[in-house]
Amino acid sequence: MPELPEVENIAQSLRDEIIGLKIKDVCVRRPNIIRGAYMRQWRKAADKLINRAITAVTRRGKRLIIFTDSDLAILVQFGMTGKFLLGTNSVPLDKHTHFYINFMFDRQLRLVDPRRFGRVWFMEHPGQSNLDQTMLNAGMSKLGLEPFGVTARQFRQLLDSKRVIKTILLDQTRIAGLGNIYVDESLFRAGLHPGGIAADIEPAQAEKLRRAVVSVLKSAIIHGGTTFSDFRNAYGEMGRFRRRLKVYQRQGSPCPRCKTPIERMVIAGRGSHFCPECQPKK
DNA sequence: ATTTCATCCTGGAGGC
DNA sequence: TGCCTCCAGGATGAAA
């Protein structure tokens, strides 16, 4: 499930591999993954992209944006199981490849996504790698704060709510990039129960949580993200952060801090993992 | 306006 | 062994 660290890793590897490459063809094998203005006319977008070159690859929240020297950018949301794989066009396509770009030198970038929650947008963009304008023009939900730039004050405002803390951290329109794994890990590091009410969190605890979010994400980026089953970077490699997880999917195992067995329960509609001792209910 | 809820999907796990 | 059912998980759009 690509969250911010996984998407950042994908972006970094794509930057090394496809910037400057000229597009030979773009093909959508499952049209219903396309959203936005080109939803029912992806071929039109493809025609605009042919013979254009990749100029930049960026990330915003969990979204990946590939800029070109045409007026179209390609925006990808990976959903649960989506991944980009780099290779050559001589390898046969499997049934889960729903979209691919052929480059010069027979290089090929494939979107492989068994569960098909991933989505692709072709979007007009006014300038090279102009993120804000791109987002404004897009027919898609607006994204919240980028975690690394959040100030202590902004974060406290984020928590000024009667909603469950986990719900807020997962809400992409408030803060963009966190998914189930990194929310659970951040809450553990901050010593907060995932089911607590956000507004009840003391300012000092809120600041601890903000720092936990940043450090968990940064650490996960450095370690190549987390692979449970599906995630791979563009080279097909697994993330190395899994063994550094302290609570996620570790129910029954001893808490790394106090040895109490980690518990799992459904909070905010998601499987939630926490130490009942280090993360007390109130 | 804000928040909750069903829906989309398939591979893998577990039951029998 | 094999068939069946159940379920995770993120984002969306409808409903409350």
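Look up a bit, the structure's there.
Definitions and limits used
- Residues numbered from 1 in each chain as written.
- Chains lettered and ligands numbered in written order.
- Predicted model: local features only at pLDDT ≥ 70, side-chain atom pairs only at ≥ 80, totals over all residues.
- Heavy atoms only, no water.
- 1 Å grid on protein atoms, 1.4 Å probe; cavity = no way out; pocket = protein on both sides within 12 Å on 5 of 7 lines; lining within 4 Å.
- Points joined across faces, edges and corners; volume = space filled by probe spheres on them.
- Helix = DSSP H or I, 4+ residues; strand = E, 2+ residues; numbered from the N terminus.
- Axes fitted to C-alpha atoms, helices over the stretch in contact; angles between N-to-C directions.
- Parallel < 35°, antiparallel > 145°, perpendicular 65-115°, else oblique.
- Left-handed = near helix turned anticlockwise from the far one by under 90°.
- Contact = heavy atoms within 4.5 Å.
- Pairing = 2+ DSSP bridges.
- Near = heavy atom within 4 Å.
- Polar contact = N/O pair within 3.5 Å; in protein donor to acceptor, adjacent residues only side chain to side chain.
- Nonpolar A, V, L, I, M, F, W, Y, C, P; charged D, E, K, R; others polar.
- Phe/Tyr/Trp six-rings, centres within 6.5 Å; stacked < 30°, edge-to-face > 60°.
- Lys NZ or Arg CZ within 6 Å of the ring centre and 35° of its normal.
- Core = buried A, V, L, I, M, F, W, Y, C linked by side-chain atoms within 4.5 Å.
- Buried < 20%, exposed > 50% of the residue type's maximum accessible area, 1.4 Å probe, protein only.

J.: Would you mind showing me how to read the layout of surface pockets here?
T.: Where empty space is left in the structure can be found by rolling a water-sized probe over the atoms. Considering only enclosed or pocket space, the largest pocket measures out at about 650 Å³ in volume. Contributing to the lining of the largest pocket are 24 residues, with Lys 62, Gly 79, Gln 172, Gly 179 and Arg 270 lying nearest its centre. At three residues, the largest contribution of residues to the lining of the largest pocket is made by strand E11 (residues 270-274).

J.: Just checking my understanding: could you explain the packing of helix H6 (residues 180-190) against helix H7 (residues 203-222) for this structure?
T.: Think of two packed helices as two axes; the pair is described by the angle between the axes and how far apart they sit. Look at H6 against H7: their axes get within 8 Å of each other, and the N-to-C directions meet at 130°. With respect to H7, the element H6 is oriented oblique. The element H6 and its partner H7 pack so that their crossing is right-handed. Only Gln 205, Lys 208, Leu 209, Ala 212, Val 213, Val 216, Leu 217 and Ala 220 of H7 make contact with H6, whose side of the interface consists of Tyr 182, Glu 185, Ser 186, Leu 187, Arg 189 and Ala 190.

J.: What am I meant to see in the sheet that holds strand E2 (residues 34-35) here?
T.: Within a sheet, neighbouring strands are paired by backbone hydrogen bonds and run either parallel or antiparallel to one another. Across the sheet, five strands lie side by side as E2-E9-E5-E4-E3; this open sheet has mixed pairing. Looking at the sheet topology across the chains shown, the edges are occupied by E2 and strand E3 (54-60). One ladder, built from two bridges, connects E2 with strand E9 (residues 119-124); its direction is parallel. By the bridge assignment, Ile 34 is partnered in E9 with Val 120. On the sheet, helix H1 (residues 4-18) packs against E3 and strand E4 (63-68) and is oriented at approximately 170° with respect to E3.

J.: What's the story with the protein's contact with DNA strand B in this structure? I'm lost.
T.: Around DNA strand B, the neighbouring residues are Asn 32, Lys 95, His 96, Pro 114, Arg 115, Arg 116 and Phe 117. Each atom of DNA strand B within 4 Å of the protein was assigned to sugar, phosphate or base; sugar and phosphate come to 55%. His 96 places a polar side-chain atom, nitrogen or oxygen, 3.2 Å from a phosphate oxygen of DNA strand B. At 2.4 Å, a side-chain N or O of Arg 116 approaches a phosphate oxygen of DNA strand B. When its residues are assigned to classes, the surface near DNA strand B shows two nonpolar, two polar and three charged.

J.: Honestly, the environment of Val 213 in this entry has me stumped. Any pointers?
T.: Relative to the helices and strands, Val 213 is located in helix H7. Sequence-wise, Val 213 and Phe 84 are 129 residues apart; in three dimensions their C-alpha atoms are separated by 26 Å. In this view, Val 213 contacts Pro 147, Leu 178 and Ser 186; residues no more than four positions away in its chain are not counted.

J.: Sorry if this is basic, but what is going on with the sheet that holds strand E7 (residues 97-103) here?
T.: The antiparallel open sheet is built from four strands, whose spatial order is E1-E7-E8-E6. Two strands close off the open sheet at either side, each with one partner strand: strand E1 (23-28) and strand E6 (83-88). Here the strands of the sheet are splayed against their neighbours by 20° on average, with no regard to which way each runs. One ladder, built from five bridges, connects E7 with strand E8 (residues 107-112); its direction is antiparallel.

J.: So what exactly am I meant to see when it comes to the packing of aromatic side chains here?
T.: Working definition: an aromatic ring pair is given by the centre-to-centre distance plus the angle between the planes. Applying the stated criterion to the full structure yields four aromatic pairs. Seen from their ring centres, Phe 78 and Phe 84 are 5.5 Å apart, and the 85° between their planes marks the pair as edge-to-face. Among the aromatic side chains, those forming a connected cluster through ring pairs are Tyr 38, Phe 99 and Phe 122. When the ring centre of Phe 188 is taken as reference, the NZ or CZ atom of Arg 257 above it lies at 4.8 Å.

J.: Would you explain the nonpolar core in this entry?
T.: Ranked by internal contacts, the top residues of the largest apolar core, which has 37 residues, are Leu 14, Ile 18, Leu 64, Ile 66, Phe 84, Phe 99 and Phe 122. The biggest single contributor to this core is H1, with five residues. Once residues lying within four places of it in the same chain are set aside, the contact partners of Leu 14 are Ile 19, Val 57, Leu 64, Ile 66, Phe 84, Leu 86, Leu 109 and Ala 234. Among the nonpolar cores identified, the runner-up in size contains 30 residues, and Leu 187, Leu 209, Ala 212 and Tyr 248 belong to it.

J.: Quick question: what am I supposed to make of the side chain of Ser 70 here?
T.: Of note, Ser 70 is situated in the loop between E4 and strand E5 (72-77). Judged by relative accessible area, which is 9%, Ser 70 ranks as buried. A polar atom in the side chain of Ser 70 sits 2.9 Å from the side chain of Thr 68. At a separation of 2.9 Å, a polar atom in the side chain of Ser 70 contacts the main-chain amide nitrogen of Leu 72. Apart from residues no more than four positions distant in its own chain, Ser 70 is found in contact with Lys 48, Leu 49, Arg 52 and His 125.

So, to be careful, I would describe these as geometric facts and stop short of saying anything about function.
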